[in-house]
Amino acid sequence: MKFIHTADLHLDSKMESNLTGLQAKERKTELLNTFKRLAAYAAENNITAVIVAGDMFDSPRVTQKARNYVLDVIANTPNVDFLYLAGNHDEGVFEGELPTNFKQFGNGWEYFDYGNVTIAGARLLPNDYGIYDRLKLNPDRVNIVTMHGQESNYGRRDNAEIVNLTSLQSRFVDYLALGHVHSYKTGVLDKRGIWCYSGCLEGRGFDECGDKGFVIVEVTGKTIKHEFVPFAHRKLYEIEVDITGLTALSQVEAKAEDALRDIDKNSLIKLCLTGQYTEDTNKDLRHYISGLNGRFYFAKAGADRSRLTISVEDYANDISLKGEFIRLVLKAGLAPLQRDAVICYGINALKGEEIE
């Protein structure tokens, strides 16, 4: 018997922080289509139920179009149950008449049985300190528990979104299906069980780089195992380009090209400079990155984490205007980032180059 554990789909997100208006609309559609692909995968691979561990939508204010799309996908996958737990973003989205194969976990523990497997779930509510004590599981069954929140070995009375792992120990949990963290992550719960975040299905911003997908949970007798399945339509990458020892812009661009060599053209890219450079290094990648937007789905410049290597001693006896300028800046006591920027702007000005 196989189950899918997914979470944090954040469907109907605005997607406007990086993308053009057209791209934002396209990505919104792609996220919905990824859910449809997930349902098709479940039907084709004999999945008994899909567990959605919170935040199917990005907000309780969901467009009717997106809500109906999801319900239509579920209704058109009648041989697969969809077990849905509301997260901290999408409470109260699903009300009224719903497909018979769509089942919701509530504020108290709900239990759904499939053969020798019990799937339990409950929302975390403020001040509900007894929620763990009310969880009742049969030790002779395989038990999957669904929750949404940040895993911790401690509870916090001022935050309802903390899943207290210590309070779930010795309660016969075999697999704790969690939502809230947007990357795949797993660990040991106790001698019997594990906890797992499936991560999100699709990355939406550059804080969600890398492989995104879902987890297949397979139960054979009383043995349970799980496997992460990459599934995203597009991936996001933060690419670091070390410019240490480079001076010419062509060298910096060549180093960036090498870093991008194996990246799929459908991806979203953020380039970040690292390493050390001198005052003669040309690292202006604006035109290069503009060209990347024609080669990749989206590209932008990220944080410049490279650092200028220069000292007063290097210019102690330099009687040029450049040397005088650098000595004045180095003696000004500026913060490192501000100092580096002032020197670079000044050197470009002395060269007659464009300054922004």
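Just so we're clear, the structure is a prediction, and the values are computed from it rather than from any experiment. Here the residue index of a chain counts from 1 through its sequence in written order. It should be noted that, the model being predicted, local features are given only for residues of pLDDT at least 70 and side-chain atom pairs only at 80 or more, the latter also being counted only at that level, while totals for whole chains, interfaces and linings use all residues. Here the side-chain values reflect all heavy atoms present in the structure, with hydrogen atoms and water set aside.

Peer 1: Help me understand the packing of aromatic side chains, please; the structure alone is not making it clear to me.
Peer 2: One pair of aromatic rings is described through two measures. These are the centre distance and the angle between the planes. Two aromatic rings from Phe, Tyr or Trp, using only the six-membered ring of Trp, form a pair when their centres are within 6.5 Å; if the ring planes differ by under 30 degrees the pair is stacked, by over 60 it is edge-to-face, and anything between is tilted. For the structure on display, the rule yields ten aromatic pairs. Centroid distance F105 to F112: 5.4 Å. Interplanar angle 65°. Geometry classified as edge-to-face. A simple rule labels every residue: compare its accessible area, found with a 1.4 Å probe on the protein chains alone, to the largest value its type can have, and call it buried under 20%, exposed over 50%, or partly exposed in between. Relative accessible area serves as the criterion here: at 5%, F105 is assigned to the buried category. Overall, the relative accessible area of 17% leaves F112 in the buried class. Ring plane angle 75° and centroid distance 6.0 Å describe the contact between W195 and Y197, whose orientation is recorded as edge-to-face.

Peer 1: I would appreciate a short explanation of the packing of helix α1 (residues 21–44) against helix α2 (residues 64–75) in the present structure.
Peer 2: The angle between the axes and the distance between the axes are what describe a pair of packed helices. Look at α1 against α2: their axes get within 10 Å of each other, and the N-to-C directions meet at 10°. Taken together, the axis directions place α1 and α2 in an arrangement best described as roughly parallel. Between α1 and α2, the residues in contact are L32, N33, F35, K36 and A39 and A66, Y69, V70, V73 and I74, respectively. Gly counts as polar in this scheme, as do all residues outside two lists: the nonpolar Ala, Val, Leu, Ile, Met, Phe, Trp, Tyr, Cys and Pro, and the charged Asp, Glu, Lys and Arg. The class makeup of the residues in the contact of α1 with α2 is eight nonpolar, one polar and one charged. Geometry is summarised by axes, namely lines fitted to C-alpha atoms with helices restricted to the contacting stretch, and by angles between N-to-C directions that run from 0 to 180 degrees. We count a stretch as a helix when DSSP gives it H or I for four or more residues in a row; a strand needs E for two or more, and each element gets its number in order from the N terminus. Relative orientations are named as follows: roughly parallel for angles under 35 degrees, roughly antiparallel for angles over 145 degrees, roughly perpendicular for angles from 65 to 115 degrees, and oblique for any other angle. Two residues qualify as a contact provided that any one of their heavy atoms is within 4.5 Å of a heavy atom in the partner residue.

Peer 1: Quick question: what am I supposed to make of the sheet that holds strand β18 (residues 298–301) here?
Peer 2: Neighbouring strands of a sheet are bound in pairs by backbone hydrogen bonds; such pairs are parallel or else antiparallel. At least two bridges found by DSSP between two strands is the condition for calling them paired. The parallel open sheet is built from three strands, whose spatial order is β15-β16-β18. At either margin of the open sheet sits one strand with a lone partner, and together these are β15 (236–242) and β18. Going across the sheet, the axis of each strand differs from the next one's by a mean of 25°, ignoring polarity. Sheet analysis places β15 next to strand β16 (residues 268–274), joined by seven bridges and oriented parallel. The partner of V241 across the bridge, within β16, is L273. Packing against the sheet, helix α4 (residues 249–259) makes contact with β15 and β16, and its axis sits at approximately 140° to β15.

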